[in-house]
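As a plain string of letters, each chain reads:
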Amino acid sequence: GGWALLQNCHLGLDFMDELMETVTETDGVHGSFRLWLTTEAHRHFPITLLQMSIKFTNEPPQGLKAGLKRTYA
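A. Structural view of the nonpolar core. In terms of nonpolar packing, the biggest core is built from 7 residues, these being Cys9, Leu13, Met16, Leu19, Met20, Phe45 and Leu49. Top contributing element to this core by residue count: helix α1 (residues 13-25), with 4 residues. Leu19 has contacts with Leu6, Leu35 and Leu37, leaving out every residue within four places of it along the chain.

B. Molecular detail of the environment of Leu6. Tracing the chain through its elements places Leu6 in strand β1 (residues 3-6). The exposure class of Leu6 is partly exposed, given its relative accessible area of 27%. A sequence separation of 31 residues divides Leu6 from Leu37, and the C-alpha atoms of the two residues are 4.9 Å apart. Contact partners of Leu6, with chain neighbours within four places excluded, come to Phe15, Leu19, Leu35, Trp36, Leu37 and Thr38.

C. Region of the structure containing the pairing of β1. Sheet analysis places β1 next to strand β2 (residues 34-37), joined by 4 bridges and oriented parallel. The partner of Leu5 across the bridge, within β2, is Trp36. Taken together, β1, α1 and β2 form a β-α-β motif whose crossover is right-handed.

The rules behind these values
- Residues numbered from 1 in each chain as written.
- Predicted model: local features only at pLDDT ≥ 70, side-chain atom pairs only at ≥ 80, totals over all residues.
- Heavy atoms only, no water.
- Core = buried A, V, L, I, M, F, W, Y, C linked by side-chain atoms within 4.5 Å.
- Buried < 20%, exposed > 50% of the residue type's maximum accessible area, 1.4 Å probe, protein only.
- Helix = DSSP H or I, 4+ residues; strand = E, 2+ residues; numbered from the N terminus.
- Contact = heavy atoms within 4.5 Å.
- Pairing = 2+ DSSP bridges.
- Right-handed = clockwise from strand over helix to strand, strands pointing away.

Structural data, given as structure tokens:
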């Protein structure tokens, strides 16, 4: 049961449909397996994949000073 991270999924929308089929049709997934996805908002991103996920939003800080402080904190 490991973890996998797929970043910038909005750039591979065709693969997201295939990934969703693989995840939903696979039997015997280990109980501690986690799949992390990062994406930007995109109107063609599969809504079903979003509905069966736990969402976490990370908003950028306002202003240059806050951004630098967050980077080096």
